[in-house]
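Here are the chains, one letter per residue:
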Amino acid sequence: MKQSNLKTAALLLILLLLCANLLFMYQTKQELARLNNNYSATYNQMQSGLANLQYQVQNNYNSVENLLKEGQSFLSDSSVDFTLQNHQLLVTMRAVPKELKSGETLFARVEAGGKTYEQATDADYQAVLAVDMAEEITPVFVIRSDAGVRQESLDSIYVADRFIVPFQSTWLDSLESSSGATTGLDSIPLSKGKHVLSMKIQLNETSPLFTREDIETASFVVLSTSAMEESGSLPEAAAVARAAGDPEFYKLLTAEDNDFPLTHGEMVPASLLDGTGDFSLLYYADFTSFFEKKENIQYEIYFALTTKDGVSYASLYEPAATFSSSEKGSDSGCGNGSLTLLFP
(Lines give C-alpha, C1' and ligand atoms only; values in the text may rest on other atoms or scores of the structure.)
Protein backbone atom coordinates (compact mmCIF):
# COMPACT_ATOMS: atom_id res chain seq x y z
CA MET A 1 0.00 0.00 0.00
CA LYS A 2 2.74 2.41 0.94
CA GLN A 3 4.63 1.52 -2.26
CA SER A 4 1.52 2.25 -4.34
CA ASN A 5 1.10 5.63 -2.67
CA LEU A 6 4.74 6.44 -3.36
CA LYS A 7 4.31 5.65 -7.04
CA THR A 8 1.18 7.78 -7.23
CA ALA A 9 2.93 10.66 -5.52
CA ALA A 10 5.89 10.32 -7.86
CA LEU A 11 3.62 10.38 -10.92
CA LEU A 12 1.81 13.46 -9.62
CA LEU A 13 5.12 15.16 -8.98
CA ILE A 14 6.28 14.34 -12.51
CA LEU A 15 3.02 15.66 -13.97
CA LEU A 16 3.35 18.83 -11.94
CA LEU A 17 6.90 19.28 -13.15
CA LEU A 18 5.82 18.70 -16.77
CA CYS A 19 2.97 21.16 -16.40
CA ALA A 20 5.32 23.69 -14.82
CA ASN A 21 7.84 23.12 -17.63
CA LEU A 22 5.14 23.51 -20.31
CA LEU A 23 3.88 26.66 -18.65
CA PHE A 24 7.42 28.02 -18.48
CA MET A 25 8.02 27.18 -22.14
CA TYR A 26 4.74 28.82 -23.15
CA GLN A 27 5.53 31.95 -21.17
CA THR A 28 9.04 32.00 -22.59
CA LYS A 29 7.66 31.64 -26.14
CA GLN A 30 5.20 34.47 -25.53
CA GLU A 31 7.97 36.66 -24.16
CA LEU A 32 10.19 35.87 -27.14
CA ALA A 33 7.34 36.73 -29.50
CA ARG A 34 6.78 40.01 -27.66
CA LEU A 35 10.48 40.82 -27.77
CA ASN A 36 10.59 39.94 -31.48
CA ASN A 37 7.61 42.20 -32.18
CA ASN A 38 9.24 44.99 -30.20
CA TYR A 39 12.47 44.45 -32.09
CA SER A 40 10.68 44.48 -35.46
CA ALA A 41 8.80 47.64 -34.55
CA THR A 42 11.99 49.29 -33.30
CA TYR A 43 13.90 48.15 -36.41
CA ASN A 44 11.18 49.48 -38.71
CA GLN A 45 11.14 52.78 -36.84
CA MET A 46 14.91 53.00 -37.16
CA GLN A 47 14.75 52.19 -40.87
CA SER A 48 12.03 54.76 -41.39
CA GLY A 49 13.95 57.31 -39.38
CA LEU A 50 17.13 56.57 -41.31
CA ALA A 51 15.30 56.88 -44.65
CA ASN A 52 13.83 60.22 -43.56
CA LEU A 53 17.24 61.37 -42.40
CA GLN A 54 18.83 60.36 -45.72
CA TYR A 55 16.05 62.16 -47.59
CA GLN A 56 16.58 65.31 -45.52
CA VAL A 57 20.34 65.11 -45.95
CA GLN A 58 19.95 64.70 -49.73
CA ASN A 59 17.53 67.61 -49.88
CA ASN A 60 19.88 69.76 -47.85
CA TYR A 61 22.79 68.67 -50.05
CA ASN A 62 20.85 69.54 -53.20
CA SER A 63 19.83 72.87 -51.72
CA VAL A 64 23.40 73.69 -50.74
CA GLU A 65 24.66 72.55 -54.15
CA ASN A 66 22.10 74.73 -55.92
CA LEU A 67 22.98 77.69 -53.71
CA LEU A 68 26.66 77.16 -54.44
CA LYS A 69 25.98 76.95 -58.15
CA GLU A 70 23.86 80.08 -58.02
CA GLY A 71 26.52 81.81 -55.99
CA GLN A 72 29.29 80.76 -58.35
CA SER A 73 27.29 81.45 -61.52
CA PHE A 74 27.80 84.83 -63.15
CA LEU A 75 24.41 84.46 -64.85
CA SER A 76 21.02 85.25 -63.38
CA ASP A 77 19.22 83.66 -66.34
CA SER A 78 19.99 81.82 -69.58
CA SER A 79 18.23 80.04 -72.42
CA VAL A 80 19.21 77.90 -75.41
CA ASP A 81 17.10 77.00 -78.42
CA PHE A 82 17.87 75.73 -81.91
CA THR A 83 16.33 74.98 -85.28
CA LEU A 84 17.44 73.25 -88.47
CA GLN A 85 18.50 75.24 -91.52
CA ASN A 86 20.56 74.17 -94.55
CA HIS A 87 21.97 71.06 -92.84
CA GLN A 88 23.06 73.10 -89.84
CA LEU A 89 21.76 73.85 -86.38
CA LEU A 90 20.95 77.48 -85.74
CA VAL A 91 21.57 77.76 -82.00
CA THR A 92 20.11 80.79 -80.29
CA MET A 93 21.73 81.53 -76.94
CA ARG A 94 20.67 84.25 -74.54
CA ALA A 95 21.90 85.11 -71.05
CA VAL A 96 21.47 87.74 -68.37
CA PRO A 97 24.77 88.40 -66.56
CA LYS A 98 24.53 89.32 -62.89
CA GLU A 99 27.13 91.95 -63.55
CA LEU A 100 29.14 92.98 -66.59
CA LYS A 101 31.90 95.42 -65.79
CA SER A 102 33.42 97.97 -68.10
CA GLY A 103 35.75 96.30 -70.60
CA GLU A 104 34.05 92.90 -70.26
CA THR A 105 32.29 91.20 -73.20
CA LEU A 106 29.88 88.26 -73.05
CA PHE A 107 30.42 85.54 -75.66
CA ALA A 108 28.19 82.59 -76.57
CA ARG A 109 30.00 79.35 -77.38
CA VAL A 110 28.84 75.96 -78.60
CA GLU A 111 30.95 72.80 -78.42
CA ALA A 112 29.73 70.15 -80.84
CA GLY A 113 31.22 67.29 -82.80
CA GLY A 114 34.75 68.11 -81.68
CA LYS A 115 34.43 71.69 -82.92
CA THR A 116 34.01 74.99 -81.08
CA TYR A 117 31.80 77.83 -82.32
CA GLU A 118 31.89 81.24 -80.63
CA GLN A 119 30.32 84.62 -81.15
CA ALA A 120 29.97 87.84 -79.13
CA THR A 121 26.46 88.53 -77.88
CA ASP A 122 24.53 91.60 -78.97
CA ALA A 123 23.12 94.42 -76.84
CA ASP A 124 20.42 92.01 -75.59
CA TYR A 125 23.10 89.46 -74.63
CA GLN A 126 21.93 87.15 -77.40
CA ALA A 127 23.78 85.35 -80.20
CA VAL A 128 22.80 83.00 -83.02
CA LEU A 129 25.45 80.46 -84.04
CA ALA A 130 25.40 78.22 -87.12
CA VAL A 131 26.64 74.82 -85.98
CA ASP A 132 27.34 71.72 -88.06
CA MET A 133 24.95 68.85 -87.36
CA ALA A 134 25.95 66.93 -84.24
CA GLU A 135 24.19 64.48 -81.94
CA GLU A 136 25.12 66.45 -78.83
CA ILE A 137 25.91 70.12 -78.17
CA THR A 138 27.25 71.86 -75.07
CA PRO A 139 26.39 75.56 -74.66
CA VAL A 140 28.93 77.76 -72.85
CA PHE A 141 28.86 81.42 -71.89
CA VAL A 142 32.17 83.24 -71.64
CA ILE A 143 33.06 86.66 -70.22
CA ARG A 144 36.30 88.09 -71.59
CA SER A 145 38.28 91.13 -70.59
CA ASP A 146 41.90 92.26 -70.39
CA ALA A 147 41.90 90.93 -66.81
CA GLY A 148 41.10 87.38 -67.88
CA VAL A 149 38.38 84.91 -68.87
CA ARG A 150 35.42 83.49 -66.98
CA GLN A 151 33.20 80.81 -68.44
CA GLU A 152 30.14 78.80 -67.46
CA SER A 153 29.01 75.59 -69.18
CA LEU A 154 25.34 74.67 -69.33
CA ASP A 155 23.99 71.12 -69.46
CA SER A 156 24.67 69.28 -72.71
CA ILE A 157 21.72 68.87 -75.06
CA TYR A 158 20.97 65.75 -77.12
CA VAL A 159 19.80 67.16 -80.42
CA ALA A 160 17.67 64.17 -81.47
CA ASP A 161 15.46 64.63 -78.40
CA ARG A 162 14.26 67.93 -79.86
CA PHE A 163 13.45 66.50 -83.31
CA ILE A 164 10.90 63.73 -82.77
CA VAL A 165 7.84 63.26 -84.97
CA PRO A 166 5.08 60.94 -83.66
CA PHE A 167 3.26 58.54 -85.95
CA GLN A 168 0.56 55.88 -85.87
CA SER A 169 0.60 52.91 -88.24
CA THR A 170 -2.47 50.83 -89.09
CA TRP A 171 -2.99 47.68 -91.13
CA LEU A 172 -6.23 48.23 -93.05
CA ASP A 173 -8.92 45.55 -92.90
CA SER A 174 -8.98 44.57 -96.54
CA LEU A 175 -11.07 41.42 -96.01
CA GLU A 176 -14.23 43.44 -95.35
CA SER A 177 -13.67 45.76 -98.31
CA SER A 178 -15.11 45.07 -101.70
CA SER A 179 -13.36 45.78 -104.98
CA GLY A 180 -13.02 49.49 -105.65
CA ALA A 181 -14.22 50.42 -102.16
CA THR A 182 -12.50 52.61 -99.62
CA THR A 183 -11.66 51.66 -96.06
CA GLY A 184 -13.03 54.73 -94.31
CA LEU A 185 -9.56 55.55 -92.95
CA ASP A 186 -9.08 58.92 -94.61
CA SER A 187 -10.34 57.44 -97.90
CA ILE A 188 -7.30 55.33 -98.74
CA PRO A 189 -8.17 53.31 -101.88
CA LEU A 190 -8.24 49.59 -101.10
CA SER A 191 -9.28 46.55 -103.13
CA LYS A 192 -10.50 43.29 -101.65
CA GLY A 193 -7.71 40.91 -100.68
CA LYS A 194 -5.06 43.61 -100.45
CA HIS A 195 -2.76 44.21 -97.47
CA VAL A 196 -2.26 47.96 -97.11
CA LEU A 197 -0.37 49.73 -94.35
CA SER A 198 -1.17 53.34 -93.47
CA MET A 199 1.14 55.74 -91.63
CA LYS A 200 -0.37 58.85 -90.04
CA ILE A 201 2.12 61.56 -89.10
CA GLN A 202 0.88 64.37 -86.88
CA LEU A 203 3.01 67.52 -86.93
CA ASN A 204 3.15 70.24 -84.31
CA GLU A 205 1.07 73.07 -85.75
CA THR A 206 2.78 75.71 -83.60
CA SER A 207 6.35 74.87 -84.57
CA PRO A 208 6.41 72.01 -87.10
CA LEU A 209 9.74 70.50 -88.06
CA PHE A 210 8.46 70.34 -91.65
CA THR A 211 5.21 70.58 -93.60
CA ARG A 212 3.69 68.72 -96.53
CA GLU A 213 5.35 71.07 -99.01
CA ASP A 214 8.78 70.49 -97.45
CA ILE A 215 8.85 66.73 -98.13
CA GLU A 216 10.92 65.50 -101.07
CA THR A 217 10.63 61.71 -100.72
CA ALA A 218 8.97 59.19 -98.41
CA SER A 219 9.14 55.41 -98.40
CA PHE A 220 8.61 52.30 -96.37
CA VAL A 221 11.56 49.93 -95.91
CA VAL A 222 10.92 46.20 -95.52
CA LEU A 223 13.56 44.36 -93.52
CA SER A 224 13.60 40.55 -93.32
CA THR A 225 15.60 39.97 -90.15
CA SER A 226 15.12 36.20 -90.25
CA ALA A 227 16.72 35.97 -93.67
CA MET A 228 19.56 38.24 -92.57
CA GLU A 229 20.25 36.11 -89.52
CA GLU A 230 20.56 33.07 -91.77
CA SER A 231 22.89 34.87 -94.17
CA GLY A 232 24.98 36.26 -91.32
CA SER A 233 24.52 39.87 -92.43
CA LEU A 234 22.86 40.90 -89.17
CA PRO A 235 25.33 42.49 -86.70
CA GLU A 236 26.46 39.87 -84.18
CA ALA A 237 25.31 41.70 -81.04
CA ALA A 238 21.91 42.41 -82.58
CA ALA A 239 21.54 38.80 -83.80
CA VAL A 240 22.24 37.43 -80.30
CA ALA A 241 19.80 39.87 -78.70
CA ARG A 242 17.09 39.09 -81.22
CA ALA A 243 17.51 35.32 -80.78
CA ALA A 244 17.08 35.83 -77.01
CA GLY A 245 13.98 37.96 -77.52
CA ASP A 246 15.73 41.03 -76.11
CA PRO A 247 13.66 44.21 -76.76
CA GLU A 248 16.94 46.13 -77.04
CA PHE A 249 17.51 44.36 -80.37
CA TYR A 250 16.74 47.45 -82.46
CA LYS A 251 19.02 49.70 -80.42
CA LEU A 252 21.86 47.21 -80.85
CA LEU A 253 21.03 46.98 -84.53
CA THR A 254 21.46 50.70 -85.09
CA ALA A 255 24.39 51.04 -82.66
CA GLU A 256 26.71 49.23 -85.08
CA ASP A 257 25.21 50.73 -88.22
CA ASN A 258 23.03 53.79 -87.64
CA ASP A 259 21.15 53.37 -90.93
CA PHE A 260 21.08 49.56 -90.87
CA PRO A 261 17.31 49.13 -91.47
CA LEU A 262 17.39 51.65 -94.30
CA THR A 263 20.48 50.34 -96.06
CA HIS A 264 19.66 46.62 -95.77
CA GLY A 265 15.93 46.66 -96.50
CA GLU A 266 13.77 46.75 -99.61
CA MET A 267 12.33 50.15 -100.44
CA VAL A 268 8.58 50.46 -101.03
CA PRO A 269 7.44 53.94 -102.21
CA ALA A 270 4.90 55.58 -99.90
CA SER A 271 1.89 57.37 -101.40
CA LEU A 272 0.67 60.56 -99.71
CA LEU A 273 -3.09 61.01 -99.48
CA ASP A 274 -4.31 64.43 -100.58
CA GLY A 275 -6.67 66.59 -98.58
CA THR A 276 -5.40 65.79 -95.06
CA GLY A 277 -3.90 69.23 -94.40
CA ASP A 278 -0.38 70.52 -93.93
CA PHE A 279 0.10 69.14 -90.43
CA SER A 280 -1.64 65.75 -90.64
CA LEU A 281 0.07 63.56 -93.24
CA LEU A 282 -1.25 60.14 -94.23
CA TYR A 283 1.01 57.80 -96.19
CA TYR A 284 0.17 54.31 -97.37
CA ALA A 285 1.57 51.41 -99.41
CA ASP A 286 0.44 48.00 -100.61
CA PHE A 287 2.39 45.02 -99.21
CA THR A 288 0.25 42.29 -100.76
CA SER A 289 3.15 40.93 -102.83
CA PHE A 290 5.11 40.20 -99.63
CA PHE A 291 2.16 38.42 -98.03
CA GLU A 292 1.64 36.30 -101.14
CA LYS A 293 5.17 34.87 -100.86
CA LYS A 294 4.10 32.90 -97.76
CA GLU A 295 7.74 32.38 -96.77
CA ASN A 296 7.04 32.08 -93.03
CA ILE A 297 9.57 34.88 -92.40
CA GLN A 298 9.14 37.72 -89.95
CA TYR A 299 9.32 41.13 -91.62
CA GLU A 300 9.78 44.56 -90.06
CA ILE A 301 8.64 47.70 -91.85
CA TYR A 302 10.42 50.98 -91.23
CA PHE A 303 9.52 54.41 -92.55
CA ALA A 304 11.78 57.20 -93.76
CA LEU A 305 11.30 60.61 -95.31
CA THR A 306 13.62 63.33 -96.59
CA THR A 307 12.85 67.03 -96.86
CA LYS A 308 13.82 69.27 -99.75
CA ASP A 309 16.60 70.63 -97.53
CA GLY A 310 18.08 67.11 -97.40
CA VAL A 311 17.14 66.45 -93.75
CA SER A 312 16.00 62.88 -93.09
CA TYR A 313 13.78 61.34 -90.42
CA ALA A 314 13.17 57.63 -89.87
CA SER A 315 11.77 55.06 -87.45
CA LEU A 316 15.20 53.64 -86.72
CA TYR A 317 14.90 52.23 -83.21
CA GLU A 318 11.71 50.25 -83.70
CA PRO A 319 9.72 49.17 -86.75
CA ALA A 320 6.56 51.00 -87.77
CA ALA A 321 4.88 47.63 -88.36
CA THR A 322 5.56 43.90 -88.58
CA PHE A 323 4.10 40.98 -90.51
CA SER A 324 4.64 37.37 -91.49
CA SER A 325 2.84 35.04 -93.87
CA SER A 326 2.77 31.27 -94.41
CA GLU A 327 0.52 28.60 -95.87
CA LYS A 328 -1.29 28.46 -92.53
CA GLY A 329 -2.13 32.16 -92.51
CA SER A 330 -0.66 35.56 -91.77
CA ASP A 331 0.08 37.72 -88.77
CA SER A 332 0.71 41.46 -88.53
CA GLY A 333 1.40 44.16 -85.96
CA CYS A 334 1.31 47.96 -85.91
CA GLY A 335 0.98 50.84 -83.46
CA ASN A 336 2.44 54.14 -82.29
CA GLY A 337 6.05 55.24 -82.65
CA SER A 338 8.23 58.17 -83.60
CA LEU A 339 10.48 59.31 -86.40
CA THR A 340 13.88 60.54 -85.29
CA LEU A 341 16.37 62.82 -86.96
CA LEU A 342 19.14 61.10 -88.94
CA PHE A 343 22.62 62.48 -88.52
CA PRO A 344 25.07 62.51 -91.44
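The structure we're discussing is the one just above.
This text gives an overview of the structure that appears in the document. (Residues numbered from 1 in each chain as written. Predicted model: local features only at pLDDT ≥ 70, side-chain atom pairs only at ≥ 80, totals over all residues. Heavy atoms only, no water.)

**Thoughts on unusual backbone geometry**
A negative phi angle characterises most non-glycine residues, just as the trans form characterises most peptide bonds.
Thought 1: Phi at Tyr-125 is positive, roughly 55 degrees, even though this residue is not glycine.
Thought 2: Relative to the elements of secondary structure, Tyr-125 occurs in the loop between strand S4 (115-120) and strand S5 (126-132).
Thought 3: Judged by relative accessible area, which is 29%, Tyr-125 ranks as partly exposed. (Helix = DSSP H or I, 4+ residues; strand = E, 2+ residues; numbered from the N terminus. Buried < 20%, exposed > 50% of the residue type's maximum accessible area, 1.4 Å probe, protein only.)

**Some points on the side chain of Thr-138**
Thought 1: Assignment of secondary structure puts Thr-138 in strand S6 (residues 136-145).
Thought 2: Judged by its relative accessible area of 16%, Thr-138 is buried.
Thought 3: Side-chain polar atoms of Thr-138 contact the side chain of Ser-156, separated by 2.8 Å.
Thought 4: With residues near it in sequence (within four places) discarded, Thr-138 still touches Arg-109, Val-110, Glu-111, Leu-154 and Ser-156. (Polar contact = N/O pair within 3.5 Å; in protein donor to acceptor, adjacent residues only side chain to side chain. Contact = heavy atoms within 4.5 Å.)

**Regarding the pattern of salt bridges**
Thought 1: Scanning all chains against the criterion turns up 6 salt bridges.
Thought 2: Note that Arg-109 is salt-bridged to Glu-111, the shortest N-O span being 3.9 Å.
Thought 3: When the shortest N-O distance is used, the salt bridge between Arg-144 and Glu-118 registers 2.3 Å. Of this pair, Arg-144 sits in strand S6 while Glu-118 sits in strand S4, and the two are 26 residues apart along the sequence. (Salt bridge = Lys/Arg side-chain N within 4 Å of Asp/Glu carboxyl O.)

**Some remarks on the packing of aromatic side chains**
Thought 1: Going through the model one piece at a time under the given rule, you end up with 14 aromatic pairs.
Thought 2: With a centroid separation of 5.7 Å and 40 degrees between ring planes, the pair formed by Phe-82 and Phe-163 is classed as tilted. Placement of the pair is Phe-82 in strand S1 (residues 75-85) and Phe-163 in the loop between strand S8 (157-158) and strand S9 (164-171), with a sequence separation of 81 residues.
Thought 3: Residue Phe-82 is classed as buried on the basis of its relative accessible area of 5%.
Thought 4: On the numbers, 5.9 Å between centres and 80 degrees between planes, the contact of Trp-171 with Phe-323 is edge-to-face. One end of the pair, Trp-171, is in strand S9; the other, Phe-323, is in strand S17 (residues 321-326), with 152 residues separating them in the sequence.
Thought 5: Given a relative accessible area of 13%, Trp-171 falls into the buried group.
Thought 6: Accessibility expressed as a relative area gives 1% for Phe-323, which makes it buried.
Thought 7: A cation over a ring is seen here: Arg-144 above Phe-107, with NZ or CZ 5.1 Å from the ring centre. (Phe/Tyr/Trp six-rings, centres within 6.5 Å; stacked < 30°, edge-to-face > 60°. Lys NZ or Arg CZ within 6 Å of the ring centre and 35° of its normal.)

**A few points about the side chain of Glu-152**
Thought 1: By secondary structure assignment, the location of Glu-152 is in strand S7 (residues 148-153).
Thought 2: Salt bridges are absent for the buried Glu-152, whose nearest opposite-charge side chain, Lys-98, sits at 7.3 Å.
Thought 3: Side chain to side chain, Glu-152 and Ser-73 meet in a polar contact 2.8 Å long. (Lys, Arg positive; Asp, Glu negative; His and termini not counted.)

**Focus on a nonpolar patch on the surface**
Thought 1: A surface patch of nonpolar side chains, amounting to about 490 Å² of accessible area, comprises Leu-11, Leu-12, Ile-14, Leu-15 and Leu-18.
Thought 2: One can find Leu-12 in helix H1 (residues 2-72).
Thought 3: With relative accessibility at 49%, the residue Leu-12 sits in the partly exposed group. (Patch = residues over 30% accessible without salt bridge, like charges linked within 9 Å, V, L, I, M, F, W, Y side chains within 5 Å. Areas by Shrake-Rupley, 256 points an atom, 1.4 Å probe, with all protein chains shown as cover.)

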